[in-house]
Amino acid sequence: MVDADTMEHTDVREAGAEWICLQAIRELGIDSFLRQEGWSEVRINTALAHLIVRTVYAPSELRSMDIMRDNSAVCELLTGSEDWQPGFHAIYDVAPSLYELKDRLEDYLCQRTDTLFNLTNRIILFDLTNFYFEGRKAASRKAKRGRSKEKRSDCKLLVLALCVNAEGFIRYSSILAGNTADPDSLPDMVDKLSAKTRVPSGPMRRVLVCIDAGIATEDNLKRLREKGYDYLCVSRTPLKDYELAEDAKTVKVRDSREQEISLTRVSHEEGGDYYLEVVSPGKELKEKSMHRLFRERFEQELANAKASLMKKHGKKNYEKVIERVGRAIQKYPSIAKYYTIEYTRDEKNPKNMADIRWEAVVPEEADVMCGKYFLRTNREKLDETTTWDYYNLIREIECTNRQLKTDLDLRPIYHQKDDCSDAHIFLGMLAYWIVNTIRYRMKLVNAKREAEANKDVKPGEKRKHIPTPFWTEIVRRMQTQKAVTTEAVNALGEKVKIRMCSTPNKEARDIYEMLGYKKMPFWRKLKVCSTQ
């Protein structure tokens, strides 16, 4: 018996998200790999504690220590002790030490996930993304100005080249200079991938590489063929004067937004690639609307430049007006190419502009190509639906980039040294390995549930889709499970401490069942302290 008036609940900490991350780490065998590398148990626990906190909370190293001290039960889950916490220098040493093992650790994780999930890696996705820096990065060799995919042209960038399989697991990664163009990154990735992956001899067993149009230059496609890979991409230039195959049938599919898409095979030329015409009414409406908007904005720019000629303090200098119009042409190149612009000098003052006139000559076929593009492949026996499904796997690498940047908060980068920046990104990629392992297990279960829910659905009827939640939502659901200490005084005057983990709620319990993980890190720890 205890005195209810003396009962207190103390040291409440987050445990659910940390617990599934720790079980995923042990499933991947990261702790076993570090032991094989000669790391001590204390060093391994420090690395895993920082990696788990990085995965769940995405903090800096300094903030990570605060979370371990005040919020998270990660140290207790790793060591069983409520008092242990890694030191300042040990935390800051984790990312650089793991980065030194980058190639070996990536190879180990590739082999481990292949074994765990029986992956064949017959489809590979290539893509690039970039991260922006805060600060000048004056002494950096990699931080360069480039085309930021987040519109941060004011910041220096670092490029991450990723090779991902269809299941979302990273096969190869490379951290490049910020001014690396998309096409320039593929040769190195192909060489590294071919060194890691055995290329089968059978034509239907060869690896199919899916890339977007930005990387799919003729030189890169030639390199893929020489290395023994098949490829699938969007054609960089639309086909002209093409004919549909004589036996072609238009196949109707739906995209991720449930909009109808028409697929039709293009007539094949001997020795050439195979093309598939893709027609999207939704894309057509969007492109026509964009062209109309660009046309209005471009003509407004021209009208403003012309009106300035009549104003008292307006820009009238001939060369300056030409520059002003040139900037408008550069801003709207897709529509400006259809305009003929005439400039008239002022007869009294030849240095000034007297008038600007323009005429739009839009060819009839300009709108014909709206909503239409072509998929290109060198693999012969791919039907329309399979080609479409394979190409849409490119969304998997887009999902990877989104999770790295948003869910795991890898941007912006504040480190000033290149080695620290590289280590920061690699630690984020290790966190992504954990996240993708968890989400992939959930995807497999959701696919079975989806098949069961749609087994009685007739053709043409809407099918039920069960999405897999993103990582931030999984963390939210799992953070309902806490570790808490309850203190009270019993009838003998002894102070009783009970350390317990709360029972997971319905949503958290469902996640545990989908993953096949243990629901409770510990049940009850009892400690009795006699008072004198």
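The rules behind each value
Residues numbered from 1 in each chain as written. Predicted model: local features only at pLDDT ≥ 70, side-chain atom pairs only at ≥ 80, totals over all residues. Heavy atoms only, no water. Buried < 20%, exposed > 50% of the residue type's maximum accessible area, 1.4 Å probe, protein only. Helix = DSSP H or I, 4+ residues; strand = E, 2+ residues; numbered from the N terminus. Arc of directions from axis to C-beta. Contact = heavy atoms within 4.5 Å. 1 Å grid on protein atoms, 1.4 Å probe; cavity = no way out; pocket = protein on both sides within 12 Å on 5 of 7 lines; lining within 4 Å. Points joined across faces, edges and corners; volume = space filled by probe spheres on them. Nonpolar A, V, L, I, M, F, W, Y, C, P; charged D, E, K, R; others polar. Phe/Tyr/Trp six-rings, centres within 6.5 Å; stacked < 30°, edge-to-face > 60°. Lys NZ or Arg CZ within 6 Å of the ring centre and 35° of its normal. Pairing = 2+ DSSP bridges.

Visitor: What exactly am I supposed to notice about helix α14 (residues 384-391) here?
Guide: The periodicity of an α-helix, 3.6 residues per turn, causes residues three or four positions apart to be oriented the same way. All buried positions along α14 are accounted for by Glu384, Thr387, Trp388 and Tyr391. Projected onto a plane normal to the axis of α14, the buried residues spread over an arc of 95° and lie on a single side. Turning to α14, the residues buried within the fold contact β6 (230-234), β7 (251-254), β8 (260-265), β9 (274-279), β12 (372-377) and α15 (394-407).

Visitor: I keep staring at empty space enclosed by the protein and nothing clicks. Help me out?
Guide: The rolling of a water-molecule-sized probe over the atoms marks out the regions of remaining empty space. Summed over all chains, the structure comprises one cavity of 30 Å³ or more. Computed from the structure, the largest cavity encloses a volume of approximately 30 Å³. Every residue along the wall of the largest cavity is listed here: Ile30, Leu34, Ala47, Leu48, Leu51, Leu98 and Leu430. At the level of elements, α2 (30-36) and α3 (41-57) are the ones that each hand at least two residues to the lining of the largest cavity. Among the elements that take part in the lining of the largest cavity, α3 stands out by supplying three residues, more than any other. Its residues placed into classes, the lining of the largest cavity shows seven nonpolar, no polar and no charged.

Visitor: Is there a simple way to think about the packing of aromatic side chains in this case?
Guide: Each aromatic ring pair is characterised by the separation of its centres together with the angle its planes make. Scanning the model with the defined rule gives ten aromatic pairs in all. Plain terms: the ring middles of phenylalanine 117 and tyrosine 440 are 5.0 Å apart, the flat faces sit at 85° to each other, and that makes the pair edge-to-face. With phenylalanine 117 in helix α8 (residues 102-117) and tyrosine 440 in helix α16 (residues 418-453), this pair connects stretches of sequence that are 323 residues apart. The pair formed by phenylalanine 117 and tyrosine 440 is uniform in burial state, with each residue classed as buried. Note on phenylalanine 294 and tyrosine 332: the rings are 5.8 Å apart at their centroids and 45° apart in plane angle, and the pair reads as tilted. Of this pair, phenylalanine 294 sits in helix α11 (residues 281-308) while tyrosine 332 is found in the loop between α12 (318-331) and α13 (333-336), placing the two residues 38 residues apart along the sequence. For tyrosine 332, a relative accessible area of 7% puts it in the buried group. By way of ring pairs, the aromatic residues Phe117, Phe169, Trp433 and Tyr440 are connected into one cluster. Residue placement shows arginine 345 over the ring face of tyrosine 318; its charged tip is 3.8 Å from the ring centre.

Visitor: Help me out: how do you make sense of the pairing of strand β14 (residues 495-501) in this one?
Guide: Every other side chain in a regular strand lies on the same face of the sheet, so the side chains alternate between the two faces. Pairing of strand β13 (residues 482-489) with β14, which is carried by seven bridges, proceeds in the antiparallel orientation. If you follow glutamate 487 over to β14, its bridge partner there is lysine 497. Adjacent in sequence and paired antiparallel, β13 and β14 are bridged by five residues, among which glycine 493 carries a positive phi angle near 85°.

This is a description of form; function is not addressed.
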